[in-house]
Amino acid sequence: GSEMCIRDSSNPSQPHFYYHLRLSTPGPGAPIDCTATGRDLATPRALKEFLLSRAKLNWEGGTIAATAFTTRLTTTAAPEVNQLSLTGYDVESRAYIFKHFAIDQKGAMLHPDHRGLFKLGPRKFILPPPHAGEKAIAPAASGPPLKNIYRLLFDAFGENGAAAYAWAAASLFVNQIKDKTGFFPHLSLYGDPASGKSALTSILNGMQGIEGEGLPVSQLTTKKALARCLSRHSGLFSALLEDNQRNEKAFDFSIVLTGYNAGPLQLRAAFSNDNQVHEAPFRGSLLWVINVEPFNQSAEKQRVMSLYFSHEYLDDTTRAAYEKMTSIPAPELARAHVAILQKRQEIESKWQDAYSRAITDLSPQDNRRILQNHALVLAFHRMINDLFSLQAIDLTEFIRATCKIKCTTANEKHFDQADHFFEQLETLNDEQATSCMHRDKEKRLFYVCLNKAELHLRNKGLSFVVNSHLTDCLMRHPSYVSHSQRFRFPLDPETDTSGRPKQRRTWVFNEDRMN
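A brief report on the enclosed structure follows. (Residues numbered from 1 in each chain as written. Predicted model: local features only at pLDDT ≥ 70, side-chain atom pairs only at ≥ 80, totals over all residues. Heavy atoms only, no water.)

The secondary structure content of the protein chain amounts to 19 helices and 21 strands. By the compact-globule yardstick of 24 Å for 515 residues, the protein chain is too spread out, its C-alpha radius of gyration being 30 Å. C-alpha extents for the protein chain along the principal axes are approximately 100 × 65 × 40 Å. For the protein chain, buried positions account for 49% of its 515 residues. (Helix = DSSP H or I, 4+ residues; strand = E, 2+ residues; numbered from the N terminus. Rg over C-alpha atoms; globule rule 2.2 N^0.38 Å. Buried < 20%, exposed > 50% of the residue type's maximum accessible area, 1.4 Å probe, protein only.)

See the structure below:
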């Protein structure tokens, strides 16, 4: 039969080789395709077991025959296949590789052969990663043109829909953009419940050939599982469905900062005696779908473009357009990102000039980083309109207003549960305060006993509970110094057996940083 060597480069420092075999049977049956590892071929016994299990063939040769067989595999000029670890843009070949199709450097669409391989050149084949088929939609051969889909998107979701699609189209080129600018913004769809955020996300996912709404960021989701899902895609966005509070148990919010630039998702030590590490890359982008934005730091807010959704924008006209949009079969909708990628040469050669013009048109703004984020989206909106002769919809004023709002909100201080707790402490009278808090004016330290403070606040009729969410907020507060520190409040009426004020476990904060 024929053979082919498959190189698994998911771990570049330790690549693994597999051998794709096509075995001809003695009878009239069709040839059998199977893939063997080095262990399957290492000994006559392993080879016999492999052929019996995978091909229903009996190997009768001994050591000499098995050695001759493996020698042929390793010396024959069989094509070598590179198996990818990411779905989408491949940095090495500069091609886009999906389960059902590929787009080469020139924008030509390629189809897999009977083995699922894509031929990129003479004796150069690429195999998509094993997870490439998960929720993947095979694009149809024909369907409504992109300008019709775009019009429905605008009619159903207004300027939010047009801006979100421009961002999604730009995310196909996130790797090329980061190579030139060093950044790519995240997108947040937030606002009223049932105002169209999830519906738009499902459509945008379908337009990039992925079925479903997105990844849930809930208490049942682990950080490791979520990080692995995010690291699977390259040149694609991942939608995160956040609950109504900042969930740091399921998602590491430092990714908002590192993922904006070219940083990895995570690093872990390799199982070796030297200093090798495994790096989980982040070559995609993030789309947040939330009611209330969870970003509580200025650095996080500056890296996210936010689109607000409200019930007041919904009417019979938007619903009719949405129903027409959802009536388009998924394979036809998935043709959208194929159409964009087939124009990749023009986009890759023009986006920097369009980006520079967009910065000029949106200037001046109070924050340069926020200006650049919004200019990038405006640039891709204009390019898509020009390339596909879309109905002229000018988003300049809309994006300028969105940018100005973000510049304002990014500088606002986030008021969390810790700030609320400090405000509640100020409502205690002097007698109550003596047993639960003390200010050291010389050291500029503020001591608080949480248990006593909780008791006094509840006695005032307030629904107040010390829980993990409050303690987490207190530990993140800029004024936090330490906790579980033993301290005697000077005016505490309760005393121990020695007659001194009772020793209590306290939290300590820096007074100079309280505000």
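Moving on from the model shown.
Read from one edge of the open sheet, four strands run 18-19-21-20, paired in antiparallel fashion. Both outer strands of the open sheet, strand 18 (437-440) and strand 20 (480-488), are each paired with one neighbouring strand and no more. On average, each strand axis in the sheet is tilted by 25° relative to the strand beside it, whichever way the strands run. Lying over the sheet, helix 16 (residues 417-425) contacts strand 18, strand 19 (445-448) and strand 21 (503-510), oriented at roughly 85° with respect to strand 19. Lying over the sheet, helix 19 (residues 468-476) contacts strand 20 and strand 21, oriented at roughly 50° with respect to strand 21. (Pairing = 2+ DSSP bridges. Axes fitted to C-alpha atoms, helices over the stretch in contact; angles between N-to-C directions. Contact = heavy atoms within 4.5 Å.)

Here we take up the pairing of strand 11 (residues 186-191). Of all six residues making up strand 11, five are buried, and the element is well covered by its neighbours. Bridging between strand 11 and strand 17 (residues 304-309) involves six bridges; their strand directions are parallel. Residue Ser-188 lies in a different strand from strand 17, and its bridge partner there is Ser-306.

A few words on the environment of Thr-87. Take Thr-87: it is sitting in strand 5 (residues 87-90). The class for Thr-87 is buried, based on a relative accessible area of 7%. It is 27 Å that separates the C-alpha atoms of Thr-87 and Leu-378, two residues lying 291 residues apart in sequence. Not counting residues within four places of it along the chain, the set of residues in contact with Thr-87 comprises Ile-97, Phe-98, Pro-129, His-131, Ala-132, Arg-232, His-233, Ser-234 and Leu-236. Polar side-chain contacts of Thr-87 include one of 3.5 Å to the side chain of His-131. (Polar contact = N/O pair within 3.5 Å; in protein donor to acceptor, adjacent residues only side chain to side chain.)

Moving on: helix 13 (residues 344-362). Helix length check: helix 13, at 19 residues, gives a terminal C-alpha distance of 25 Å against a target of 27 Å (1.5 Å per residue), a fit within 8%. Lys-350 marks the point of greatest bend in helix 13, at about 45°. For helix 13, the complete set of buried residues consists of Arg-344, Ile-347, Glu-348, Trp-351, Ala-354, Tyr-355, Ala-358, Ile-359 and Leu-362. (Expected span 1.5 Å × (residues − 1). Bend = angle between axes of the 7 residues up to and from the residue.)

This next bit is on the layout of surface pockets. In this structure, the second largest pocket occupies an estimated 690 Å³ of space. For the second largest pocket, the lining is made up of 30 residues, of which Tyr-190, Ser-306, Leu-307, Tyr-308 and Phe-309 are closest to its centre. Of all the elements in the fold, those that place two or more residues in the lining of the second largest pocket are helix 4 (146-171), strand 17 and helix 15 (396-409). When residues of the lining of the second largest pocket are assigned to their parent elements, the largest contribution, seven residues, is made by helix 4. Residue composition of the lining of the second largest pocket, grouped by class: 14 nonpolar, ten polar and six charged. (1 Å grid on protein atoms, 1.4 Å probe; cavity = no way out; pocket = protein on both sides within 12 Å on 5 of 7 lines; lining within 4 Å. Points joined across faces, edges and corners; volume = space filled by probe spheres on them. Nonpolar A, V, L, I, M, F, W, Y, C, P; charged D, E, K, R; others polar.)

What follows concerns the pattern of salt bridges. Here the idea is simple: oppositely charged side chains can pair when their charged atoms come close. Going through the model one piece at a time under the given rule, you end up with 13 salt bridges. Of the charged contacts in the structure, one is a salt bridge between Glu-134 and Arg-232, with a shortest N-O distance of 2.8 Å. In this pair, Glu-134 sits in the loop between strand 10 (124-127) and helix 4 while Arg-232 sits in the loop between helix 7 (223-230) and strand 13 (233-242), placing the two residues 98 residues apart along the sequence. What makes Glu-134 partly exposed here is its relative accessible area of 49%. Among the ionic contacts, a cluster of salt bridges with common partners joins Lys-452, Asp-492, Glu-494 and Arg-504. (Salt bridge = Lys/Arg side-chain N within 4 Å of Asp/Glu carboxyl O.)

What follows deals with the packing of helix 4 against helix 14 (residues 368-387). The N-to-C vectors of helix 4 and helix 14 enclose an angle of 115°; their axes lie 7 Å apart at closest approach. Both helix 4 and helix 14 take part in a crossing whose hand is right-handed. Across the interface between the two elements, Tyr-150, Ala-163, Tyr-165, Ala-166, Trp-167, Ala-169 and Ala-170 of helix 4 pack against Val-377, Phe-380, His-381, Ile-384 and Asn-385 of helix 14. By residue class, the composition of the contact of helix 4 with helix 14 is ten nonpolar, two polar and no charged. (Left-handed = near helix turned anticlockwise from the far one by under 90°.)

Taken as a whole, this structure holds one cavity of 30 Å³ or more when the rule is applied. Lining the largest cavity, in full, are Tyr-165, Ala-168, Ala-169, Ser-171, Leu-172, Leu-204, Met-207, Gln-208, Phe-237, Ala-336, His-337 and Ile-340. Sorting the residues of the lining of the largest cavity by element identifies helix 4, helix 6 (197-207) and helix 12 (335-341) as the ones contributing at least two each. The leading source of residues in the lining of the largest cavity is helix 4, at four residues. Of the residues that constitute the lining of the largest cavity, the class distribution is nine nonpolar, three polar and no charged.

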